[in-house]
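Examination of the molecular architecture
One letter stands for each residue in the lines below.
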Amino acid sequence: MSEVIGVRGTIFVADVDGTLTPARQSMTDDFAKFLGQFLEKRVFYIVTGSDLNKIKEQVPKFVRDKFAGMFCSLGNEFYVENELIYKNSFIPEPSLLEKLEEYRKNTTYDGELFSNYIEERCGMLNFSVLGRNCPMSARDRYAVWDEKHTERLRIVEELSVLFPEYVFSIGGNISVDIVPQGHDKSQVATKLREKYPTQKIVFIGDRIEPN
Ligand code: M1P
């Protein structure tokens, strides 16, 4: 898509899960129609913790084709018109992986656990005690339980002390994203500011917190 900087010269950057789509679900038809029109005259990027395959599952092609670019895996891989522009690599420390195994083994969550609990993505890890291969009902159940028992918050706090060279963040409903320092979503702000030194850049997301 050729870039048309909107009337006010604004660059838009939006999160996906919980913002443009319900978490890990397809964009609704009505919203896709609206967004398709909104994108006609705007420069609009997405930035997500998910990888490209998940974006393809959730966002229809006619909408994806209108994005100026897609920052996936927290900005560790970047696509323009389906072409990979760059990707970062990441080899996690074995001691970090051991610690994640411990959390999975010792969780007090009383529901069924599922596979794919440490998912390696480009430049990052996604860790879910529950396991990413869970059905939607288990996802909802764990999210409610975690809200009450704050397991993910505890994991993030503990790991941040033990492994200060990484950033641990709660992006969605069942998991924790893990990247080397400087390789979280904030890297996208740096990259876009280099490309658009004077334009206003607006970030749209469902969960915006200090830092
Ligand atoms: O985009 C927000 C988050 O969406 C998913 O989180 P969860 O599966 O926990 O709901 C993940 O793709 C995560 O990496 C991402 O940050």
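Structural data are supplied above this passage.
Residues numbered from 1 in each chain as written. Predicted model: local features only at pLDDT ≥ 70, side-chain atom pairs only at ≥ 80, totals over all residues. Heavy atoms only, no water.

1. Structural notes on the layout of surface pockets
The space that makes up the largest pocket amounts to roughly 1400 Å³. Around the largest pocket, the lining is made up of 46 residues, and of these Ser 169, Ile 170, Gly 171, Lys 185 and Arg 207 lie nearest the centre. For the lining of the largest pocket, the elements supplying multiple residues, two or more each, are helix H5 (136-149), helix H6 (151-162), strand S8 (166-169), helix H7 (186-195) and strand S10 (200-204). Looking at the lining of the largest pocket residue by residue, the classes come out as 18 nonpolar, 13 polar and 15 charged. (1 Å grid on protein atoms, 1.4 Å probe; cavity = no way out; pocket = protein on both sides within 12 Å on 5 of 7 lines; lining within 4 Å. Points joined across faces, edges and corners; volume = space filled by probe spheres on them. Helix = DSSP H or I, 4+ residues; strand = E, 2+ residues; numbered from the N terminus. Nonpolar A, V, L, I, M, F, W, Y, C, P; charged D, E, K, R; others polar.)

2. Points about the site of the ligand
Neighbouring residues of the ligand: 15 residues in total, closest Arg 132, Arg 139, Asn 173, Ser 175 and Asp 177. For the ligand, an oxygen atom lies 2.8 Å from a polar atom in the side chain of Arg 139. The side chain of Ser 175 places a nitrogen or oxygen atom 2.6 Å from an oxygen atom of the ligand. Relative to its unbound accessible surface of 390 Å², the ligand loses 99% to contact with the protein. Its residues assigned to classes, the shell around the ligand shows one nonpolar, eight polar and six charged. (Near = heavy atom within 4 Å. Polar contact = N/O pair within 3.5 Å; in protein donor to acceptor, adjacent residues only side chain to side chain. Areas by Shrake-Rupley, 256 points an atom, 1.4 Å probe, with all protein chains shown as cover.)

3. Let's talk about the environment of Glu 77
Turning to its location among the elements, Glu 77 is positioned in strand S4 (residues 77-80). The sequence separation of Glu 77 and Glu 147 amounts to 70 residues, and the corresponding C-alpha distance is 30 Å. Setting aside anything within four residues of it in sequence, one finds Glu 77 in contact with Asp 51, Leu 52, Met 70, Phe 71, Cys 72, Leu 84, Tyr 86, Lys 87 and Cys 122. Looking at Glu 77, its side chain comes within polar contact range of the side chain of Ser 73, at 2.7 Å. (Contact = heavy atoms within 4.5 Å.)

4. Notes on the side chain of Gln 58
Among the secondary structure elements, Gln 58 is positioned in helix H2 (residues 52-58). Looking at Gln 58, its side chain comes within polar contact range of the main-chain oxygen of Gln 25, at 3.2 Å. Residues in contact with Gln 58, not counting those within four places in the same chain, are Val 16, Asp 17, Thr 21, Pro 22, Arg 24, Gln 25, Ser 26 and Met 27.

5. Quick look at the packing of aromatic side chains
All chains considered together, the criterion is met by 17 aromatic pairs. For the pair Phe 34 and Phe 38, a centre-to-centre distance of 5.8 Å together with 35 degrees between the ring planes defines the contact as tilted. In this pair, Phe 34 and Phe 38 both sit in helix H1 (residues 29-38), four residues apart, roughly one turn of the helix. Taken together, a centroid distance of 5.8 Å and an interplanar angle of 35 degrees make the contact between Tyr 45 and Phe 71 tilted. (Phe/Tyr/Trp six-rings, centres within 6.5 Å; stacked < 30°, edge-to-face > 60°.)

6. Notes on unusual backbone geometry
Its identity as a non-glycine residue notwithstanding, Ser 73 has a phi of 50 degrees, on the positive side. Among the secondary structure elements, Ser 73 is positioned in the loop between strand S3 (69-72) and S4. On the basis of relative accessible area, Ser 73 is assigned to the buried category, the value being 0%. Even without glycine at this site, Thr 150 takes up a positive phi of about 45 degrees. (Buried < 20%, exposed > 50% of the residue type's maximum accessible area, 1.4 Å probe, protein only.)

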